[in-house]
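Architecture at a glance
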2 protein chains.
Amino acid sequence: MTADDEIMAIALEEARLAAAAGEVPAGCVIVDIPSGEILARAHNRTETLHRPTAHAEILAIEEAARRRGNWRIVDSALYVTKEPCPMCAGAIILARCSRVVWGVADPKRGGASVFDMFAHPGVNHHPAVQGGVMEKQCLEVLQTFFKTRRKSK
Amino acid sequence: MTADDEIMAIALEEARLAAAAGEVPAGCVIVDIPSGEILARAHNRTETLHRPTAHAEILAIEEAARRRGNWRIVDSALYVTKEPCPMCAGAIILARCSRVVWGVADPKRGGASVFDMFAHPGVNHHPAVQGGVMEKQCLEVLQTFFKTRRKSK
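The notes below deal with the structure included here. (Residues numbered from 1 in each chain as written. Chains lettered and ligands numbered in written order. Predicted model: local features only at pLDDT ≥ 70, side-chain atom pairs only at ≥ 80, totals over all residues. Heavy atoms only, no water.)

Some words on the side chain of Glu62 of chain A
Note on placement: Glu62 of chain A falls in helix α3 (residues 56-68). On the accessibility criterion, Glu62 of chain A (6% relative accessible area) is buried. Setting aside chain neighbours within four positions, we find Glu62 of chain A in contact with Arg51 of chain A together with Arg51 and Thr53 of chain B. (Helix = DSSP H or I, 4+ residues; strand = E, 2+ residues; numbered from the N terminus. Buried < 20%, exposed > 50% of the residue type's maximum accessible area, 1.4 Å probe, protein only. Contact = heavy atoms within 4.5 Å.)

Structure below.
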């Protein structure tokens, strides 16, 4: 396991907590790059909180900013099991995260895949980006969730 | 004053509250379209809350969803003094707002101006969009804020 894999494994634990609560399974971890300390971990809670903005990344960014006492969480790396949606990609850019790592790409709805948001000349911060970390496991969590949900309908 | 102007005037009151608190002045109102009732009003509180996601639109969407008890705030119109950024545009789409109305466009950083997010074939919900409502007043609030801030530096 690489260092990125180890952190993604924690994001996967969060994704499984989401699935267990009937939420689309996405999990997120934010790490303070200088110390390696975990600043925040969270999973999708849209349904539970009746909150369209309660994606894993948003909740983790809010927690990390609270801990830092600053809305700019510079020198941080955000790990998420699924490529961020445009809302979350926008929040990552606003929050000045230095690096974004995801498991599964989202070619249909992803902020990077659809809008190239992290590299776009029209945004004022360009985090380093890496996809495909523990891709197989991240995909499996999603597929299992949607298979079970289809069966129960 | 048109009906849209009247609601934007309330969003402007919110923007002025933001400015008074030292926040970039943006204000937002969400209206339940069938009844005309105001579901939520909010202003930017990024600095106050140490929360990069605390834009006026996000706070208003969260409040409206809480009141509805549903994260999908269908049949709603969102009024905001400044064109939504990509994060907020993403949230508006996720929340299924029916209509988005803004005062001043943001050609450099706006989710519509830069990414055409509300009309993009890659998103699964396309709200009706209208810009330029009470544009002069909305612009003035921003210009006054930034002029004052430059002087105090």
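Now, onward.
Points about the environment of Ser76 of chain B
All names here are of chain B. Note that Ser76 resides in strand β3 (residues 76-82). For the pair formed by Ser76 and Pro52, sequence separation is 24 residues and the distance between their alpha carbons is 25 Å. Aside from chain neighbours lying at most four places away, what touches Ser76 is Ile30, Val31, Ile33, Arg68, Cys97, Ser98 and Arg99.

Some remarks on the sheet that holds strand β2 (residues 38-43) of chain A
Strand pairing within a sheet occurs via backbone hydrogen bonds; the two strands may be parallel or antiparallel. Residues and elements named next belong to chain A. The strand order across the open sheet built from five strands is β2-β1-β3-β4-β5, with neighbouring strands paired in mixed fashion. Of all strands in the sheet, those with a lone pairing partner are β2 and β5 (128-130), marking the two edges. Shown here is a sheet whose adjacent strand axes are inclined to one another by a mean of 15°, direction ignored. As paired strands, strand β3 (residues 76-82) and strand β4 (residues 99-104) are joined by five bridges and run parallel to one another. In the sheet register, Lys82 faces β4, and the bridge partner there is Val104. (Pairing = 2+ DSSP bridges. Axes fitted to C-alpha atoms, helices over the stretch in contact; angles between N-to-C directions.)

Details of the interface of chain B and chain A
Interface size is commonly expressed as the accessible surface area that is lost when the partners come together. Taken together, the contacts link 32 residues of chain B with 32 residues of chain A. Considering only the surface of chain B that becomes buried against chain A, Pro52, Trp71 and Phe115 of chain B emerge as the three largest contributors, covering 24% of it. Inspection of the chain B/chain A interface yields four salt bridges. The partner of Arg72 of chain B in a salt bridge is Glu47 of chain A, with the nearest N and O atoms 4.0 Å apart. Inspection of the region where chain B meets chain A yields 10 residue pairs in polar contact (both at pLDDT 80 or more). Mapped onto the side of chain B that touches chain A, the elements with two or more residues apiece are α2 (46-49), α3 (56-68), α4 (86-94) and α5 (111-115) of chain B. Looking at side-chain class alone, the side of chain B that touches chain A contains 15 nonpolar, 10 polar and seven charged residues. (Buried area = accessible area lost by both parts, 1.4 Å probe. Salt bridge = Lys/Arg side-chain N within 4 Å of Asp/Glu carboxyl O. Polar contact = N/O pair within 3.5 Å; in protein donor to acceptor, adjacent residues only side chain to side chain. Nonpolar A, V, L, I, M, F, W, Y, C, P; charged D, E, K, R; others polar.)

Brief notes about the side chain of Glu62 of chain B
At 2.6 Å, the side chain of Glu62 of chain B and the side chain of Thr53 of chain A are in polar contact. Side-chain polar atoms of Glu62 of chain B contact the side chain of Arg51 of chain B, separated by 3.2 Å. Leave out the neighbours within four places in its chain, and Glu62 of chain B touches Arg51 and Thr53 of chain A together with Arg51 of chain B.

Notes on the pattern of salt bridges
Residues and elements named next belong to chain A. Within the structure shown, the criterion is met by 20 salt bridges over all chains. When the shortest N-O distance is used, the salt bridge between Glu37 and Arg67 registers 2.6 Å. Of the two residues, Glu37 sits in the loop between β1 (27-32) and β2 while Arg67 sits in helix α3, which places them 30 residues apart along the sequence. Given a relative accessible area of 38%, Glu37 falls into the partly exposed group.

Considerations on the sheet that holds strand β2 (residues 38-43) of chain B
Residue and element names in this part refer to chain B. As summarised here, the arrangement of the five strands in space is β2-β1-β3-β4-β5, forming an open sheet in which the pairing is mixed. Each edge of the sheet is formed by a strand with only one pairing partner; in this case those strands are β2 and β5 (128-130). Geometrically, the sheet is characterised by an average inter-axis angle of 15° between neighbouring strands, direction not taken into account. The pairing of strand β1 (residues 27-32) with β2 spans five bridges and is classified as antiparallel. Within β2, the residue paired with Gly27 across the bridge is His43.

Focus: the packing of α3 of chain B against α4 of chain B
Residue and element names in this part refer to chain B. Where α3 meets α4, the axes come as close as 9 Å, and the angle between the chain directions of the two elements is 20°. Our classification of the angle between α3 and α4 gives roughly parallel. For the pair α3 and α4, the crossing hand works out as left-handed. Here α3 contributes Glu57, Ile58 and Ile61 to the contact with α4, which in turn contributes Met87, Cys88, Ala91 and Ile92. Looking at the contact of α3 with α4 residue by residue, the classes come out as six nonpolar, no polar and one charged. (Parallel < 35°, antiparallel > 145°, perpendicular 65-115°, else oblique. Left-handed = near helix turned anticlockwise from the far one by under 90°.)

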